Structures are given as C-alpha cells and as structure tokens.
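Each chain, letter by letter, is given below.
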Amino acid sequence: LWALRRPEKTQINSKNSDKIRDINKYASRNEVASALSRLISEDGAGDWPPRCAHHDLPSCFQPYQDIYLELIPNMSTAHPTLDDEANGNRMAEFRGSMSKLLAQRVNIPEVEAALKRFEAGDRSAFTREAYNAVYCCIAVCRHAYRWATIPVVKQAQNEMVLDFPRELDAPWPYLQRHFGLTAESGNNTANVLLNFDESGDRIYKININMSDLIKQAEDVFFRMFLDVEVSGFPIYHEMVLTIVAFEQGRKEASLKHLESITGQLRELLAIFYNNMKDTRISRTVWLSYVQGFQGWGVGRMVNGEFDKFDGLSGNHVLFFQAVDAFLGLGRYLPDENMDRYIPVNQRNLCQAIKKHSIRDKLNDSEDSALKQEFLKIVNHMKVFRAAHRTRARPYLEHPAPERLIMTAGKSVLETPQTKGFEDAYKPLDDMLAQRLEVTV
Ligand code: HEM
C-alpha cells in the first residue's frame, strides 16, 4: 500500500527552486550544469543538500531505524575503562543485542526485493528521498555495529576483519552500487549529509545520555558539514554561471559571478571559523565521543592481501573538492579513494568543473580582473587550509588512553614502533601542509 502513497516527487519546492531551474536550463548546453543537474535530481532527490525522508521509510526498512534508536542510548559510556575484558564485554553485549533484534525483525528477502526493484528503475517501491534515508540508516547501523561502544576502545581498533550480521550486509552492495561507491564503510554523504530531515534535525545521534558538553560538541560538529553544503549550493550555481558566461565570451558577466563566489565563500568559511573552536566543540570530548563512530579500519583478505577501508574525513566534502576543481587545482584524493568514498555523481560534477575551469584560459592583459578575483578565492582557501591545520591538531592531540591514535579518515596511525603522537601524526600533518602549498 505504501507504494501507492508515494509517487516520486518531480516538483521542485525549495528555496533553491529558481537556481535549480536555471541549472536545468543550461544542462543541455553545458557539462557542468548537466552534472550538477544530475546530482540534484538523482542523489539530491530534487534539491541540494540532498533531501531525505527519514520519517517515511518503506516498511521493510523501518526495523533498522527502530533498532538503531532503541540501542544507541546504550552505546556511549560516561566512564570509559581501560579494562580490556570489561570493554570486550560491552562490545559483545551491544553487538549481541543488535544481531538479535535484526534477526527477529528484518525480513531480508523483502529488503532485497525492494532494493532490486529500485535498481531496476521501479520508483513505485520507494522515492529517492526515502532511498536516501535508507542509505543513511543502514550506514549508521553498520558503524554502530563496527564500534559497539563509545568511546572507541583498543579491542575494536585491533580487529582487522569483522563479520556483520546478514541484515547489515545484504542491502549494502545495492546501496553502494546505486551511489557508485565501493567501500564497506560509510562516507560523509551517507553518515553525515543525509543524516538530517527536512526540518534540519539530525536523526541518528551518537551520544544520547551523555553530558550537554558532549551532545553540543556532536551537534555542532556534524551541523557544520550540512551548513557547508547549504552555503555551497548557491556557489555551485554561480560556478555554472561564471563558466557559461565566459564560454559565451561575456567576460564582464563572468566577472560579476566570480565576485559573487568570493563574497559567498567568505560567508561559507565563517561556518568553519565560528564553530571549530573549543567553546563550540570541546576539545576535551571530541576525540573520545564525536570522532570515533565515523572511523572504520577493518577490511578483508583479497588474494592473500589485506584490504582495509577507512572511515570519514573532511576530505570527502563535496564543496572543497568543487572549489579546488574550479581553481584548476589537482585532486587531493587518489583515484582509489575517490571510487571508494565519493558518490559517482559528486565525482562527475568535480570532473566537469575541472574540465571547464576557465582559469588557465585567462589572458594576462585582457583578463586581469578575472585573474585577480581568482586569486582572492585562492587566498580564502589558503587561510582556510592554514586554519584547519592549526585547529585540527589540538583535537587529535587530546589524551584518549582507552584507544590507539586514530583519525576517522585514515584509521589507526599507531604501530608498536610509533613514538608518541608527533610521530604518528606527522604524515597527516605533512599532507595538510602539502595541500596548503599547492593551493596557488
Ligand atoms: C576536529 C575536527 C577536525 C580534525 C581533527 C580534522 C583533521 C583532518 C586531517 C588529519 C586531515 C588530513 C588527513 C585526511 O585527509 O583525512 C583532514 C583533511 C581535511 N579536512 Fe579536516 N579535520 C577536522 C574538521 C574538518 C572540518 C569541519 C572540515 C570542513 C568543514 C574539514 C575539511 C577537511 C578537508 C577539506 C580536508 C582535505 C585536505 C584539504 O582539502 O586541505 N575538516 N582533516
């Protein structure tokens, strides 16, 4: 019956409507507009950031949401212990309860049949916004099972391969195929961007019964990533207009659009400057309570070699990839990581932006105003990268004796040979320094 009640919405009904119409108008003539239009209609379910129908899940997926919401209050503890056995017991208990409830309530053949119908193009089964909600839900359930206790503890970090309940494995390949990704872990789109409903409330929180300090750190941290894409959208629109105007020889108009990007970029980066600080996101709790859930660090043996997947990183964020492409800079992530963690429509958008980047077509004498404007954007990005580098470190440096040194995006950094934080963190800090250096 629910199939009858949920026709796919094609109508655009958001504050972005005018811009979306504009983008669609250029889509047949311009590759960047076409890639953006596709991202909006497919991954975004008609908008960007993507729409997500968390309160309207197809019935066979409802148990996953119920189980997450039922179990998650038990996941965090205010008193992490260094006792390996006690931690092992906590993990076993959480995983045991989750496996049991999933087995009792989820009907795997129904789940797979619904995903198969969607894959075959049948949108009567569920809408794109419901599909987005399913993606987020299964991804966060997998991450909850992966860590089983927050703060993340060494026992979980030391696992190399982890068997997931069938209910969590069966839908994953369909979802990853749909978004054009290969990782067994979640990613910034699945776990963070899609984790908001239409009113902007975050659905799958991590620390339910913890202190206000922890809850605020969690809320503010994840909200930043949504807000970056909210402010990013009008910039993507202006990127299209800058490129289209330039390609049509309307350089004055192109400059106006570029100037608009510079102004909006300043506001977007303020989201980062205003929030990534101790008073908003406490350094005393971020590492232990906020970051760990989004890590991964397990994998599988492939042809005798261990293949490990990583968790989430700011490097997944579409906006920064798009700006780099617009500036004509090389990519930060290697191909393998793009294919694993970045949805294909986001990859294609950045590729189209890079291909049509107008910066290297500018002529010294005629286009100096455009050149100058691009330099302003470069400077904003340099300031962001320098600030990100100095602000990230104290969060990662904070003591968390229950765990090994780890970032969510690069997994455990520590080996028996590692000599403390400096030593473990150096390669990552070097990557950030290197990225700052190539931002020219
Ligand atoms: C406490 C919070 C944060 C920490 C500890 C942190 C740490 C790091 C580290 C170590 C890297 C390099 C390794 C990697 O690629 O994964 C990185 C990359 C990156 N992070 Fe963060 N990050 C934080 C928050 C953020 C936020 C809020 C954003 C954006 C809204 C962000 C955006 C990026 C980007 C775009 C990169 C790729 C490198 C670049 O483009 O310069 N990070 N982060």
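Conventions and cut-offs
- Residues numbered from 1 in each chain as written.
- Predicted model: local features only at pLDDT ≥ 70, side-chain atom pairs only at ≥ 80, totals over all residues.
- Heavy atoms only, no water.
- Helix = DSSP H or I, 4+ residues; strand = E, 2+ residues; numbered from the N terminus.
- Rg over C-alpha atoms; globule rule 2.2 N^0.38 Å.
- Buried < 20%, exposed > 50% of the residue type's maximum accessible area, 1.4 Å probe, protein only.
- Areas by Shrake-Rupley, 256 points an atom, 1.4 Å probe, with all protein chains shown as cover.
- Lys, Arg positive; Asp, Glu negative; His and termini not counted.
- Charge placed at Lys NZ, Arg CZ, Asp CG, Glu CD.
- Domains from an automatic or database assignment.
- Buried area = accessible area lost by both parts, 1.4 Å probe.
- Salt bridge = Lys/Arg side-chain N within 4 Å of Asp/Glu carboxyl O.
- Polar contact = N/O pair within 3.5 Å; in protein donor to acceptor, adjacent residues only side chain to side chain.
- Donors = N, O, S within 2.8 Å, 3.2 Å for Na, K, Ca; no water.
- Near = heavy atom within 4 Å.
- Nonpolar A, V, L, I, M, F, W, Y, C, P; charged D, E, K, R; others polar.
- Axes fitted to C-alpha atoms, helices over the stretch in contact; angles between N-to-C directions.
- Parallel < 35°, antiparallel > 145°, perpendicular 65-115°, else oblique.
- Left-handed = near helix turned anticlockwise from the far one by under 90°.
- Contact = heavy atoms within 4.5 Å.
- Expected span 1.5 Å × (residues − 1).
- Bend = angle between axes of the 7 residues up to and from the residue.

A.B. asks: So what about the overall build of the chain? Which residues, and what values?
C.D. replies: Each helix and strand counted, the chain has 19 helices and 4 strands in total. Relative to the compact-globule value of 22 Å for 440 residues, the chain shows a C-alpha radius of gyration of 22 Å, a close match. Each principal axis of the C-alpha atoms in the chain carries an extent, and together these give about 70 × 60 × 45 Å. Out of the 440 residues belonging to the chain, those deemed buried represent 56%. About 18800 Å² of surface is accessible on the chain, with carbon and sulfur atoms providing 51% of the total. Seen as two clouds, the 55 positive and the 58 negative side-chain charges of the chain have centres 3 Å apart.

A.B. asks: So, the domain arrangement of the chain: which residues are in play, and what are the values?
C.D. replies: Taken as a whole, the chain is organised into domain 1 (31-210) and domain 2 (213-438). Distance between the C-alpha centres of domain 1 and domain 2: 23 Å. Between domain 1 and domain 2, roughly 5200 Å² of surface is buried when both sides are summed, and carbon and sulfur atoms account for 65% of that area. One can count 5 salt bridges joining domain 1 with domain 2. Taken together, domain 1 and domain 2 are joined by 30 residue pairs in polar contact (both at pLDDT 80 or more). When contributions to the side of domain 1 that touches domain 2 are tallied by element, the ones reaching two or more residues are helix 3 (31-41), helix 7 (128-147), helix 8 (154-157) and helix 11 (188-193).

A.B. asks: If you had to explain the coordination of the iron atom of the ligand to someone new, which residues and values would you point to?
C.D. replies: Donation to the iron atom of the ligand from the protein comes from one atom only, His388 (NE2), at 2.1 Å. Turning to its location among the elements, histidine 388 is positioned in helix 18 (residues 368-397).

A.B. asks: Summarise the site of the ligand; cite the residues concerned and give the values.
C.D. replies: The local shell around the ligand holds 21 residues, among which Ser313, Asn315, Tyr332, Arg385 and His388 are the closest. With respect to the ligand, the side chain of serine 313 contributes an N or O atom lying 2.8 Å from an oxygen atom. At 2.6 Å, a side-chain N or O of tyrosine 332 approaches an oxygen atom of the ligand. Residue contributions to the shell around the ligand peak at 5 residues, all from helix 18. Class assignment for the residues of the shell around the ligand results in 14 nonpolar, 4 polar and 3 charged.

A.B. asks: Run through the pattern of salt bridges, naming residues and quoting values.
C.D. replies: Summed over the entire model, instances satisfying the criterion amount to 33 salt bridges. A salt bridge links aspartate 324 to arginine 435; the shortest N-O distance between them is 2.8 Å. Of this pair, aspartate 324 sits in helix 15 (residues 318-326) while arginine 435 is found in helix 19 (residues 420-438), placing the two residues 111 residues apart along the sequence. Residue arginine 435 is classed as buried on the basis of its relative accessible area, which comes to 7%. Between arginine 393 and glutamate 397 there is a salt bridge whose closest N-O contact spans 4.0 Å.

A.B. asks: Help me get a handle on the packing of helix 4 (residues 62-71) against helix 5 (residues 84-105), residues and values and all.
C.D. replies: It is at 10 Å that the axes of helix 4 and helix 5 come closest, and there the two elements cross at 155°. The orientation of helix 4 relative to helix 5 falls into the category roughly antiparallel. As helix 4 runs across helix 5, the sense of the crossing is right-handed. Counting all contacts with helix 4, which are made through Pro63, Tyr64, Asp66, Ile67, Glu70 and Leu71, the residues of helix 5 involved are Phe94, Ser97, Met98, Leu101, Leu102 and Arg105. Tallied by class, residues from the contact of helix 4 with helix 5 come to 8 nonpolar, 1 polar and 3 charged.

A.B. asks: Quick rundown of helix 12 (residues 212-247)? Include the residues and the values.
C.D. replies: Between its first and last C-alpha atoms helix 12 spans 52 Å; for 36 residues at 1.5 Å apiece the expected length is 52 Å, and the two agree. In the structure, helix 12 departs most strongly from a straight axis at glycine 232, where the bend amounts to approximately 30° and where the proline proline 234 lies between one and four residues downstream. Burial within helix 12 is extensive, with 26 of its 36 residues counted as buried. Following helix 12 by one or two positions, glycine 249 adopts a phi angle in the positive range, close to 80°.

A.B. asks: Tell me about helix 14 (residues 283-291), residues and numbers included.
C.D. replies: In terms of residue burial, helix 14 counts as a mostly covered element, since 7 of its 9 residues are buried. For helix 14, the set of buried residues is Val285, Trp286, Leu287, Ser288, Tyr289, Val290 and Gln291. The inward-facing, buried residues of helix 14 abut helix 12, helix 18 and strand 3 (406-407).

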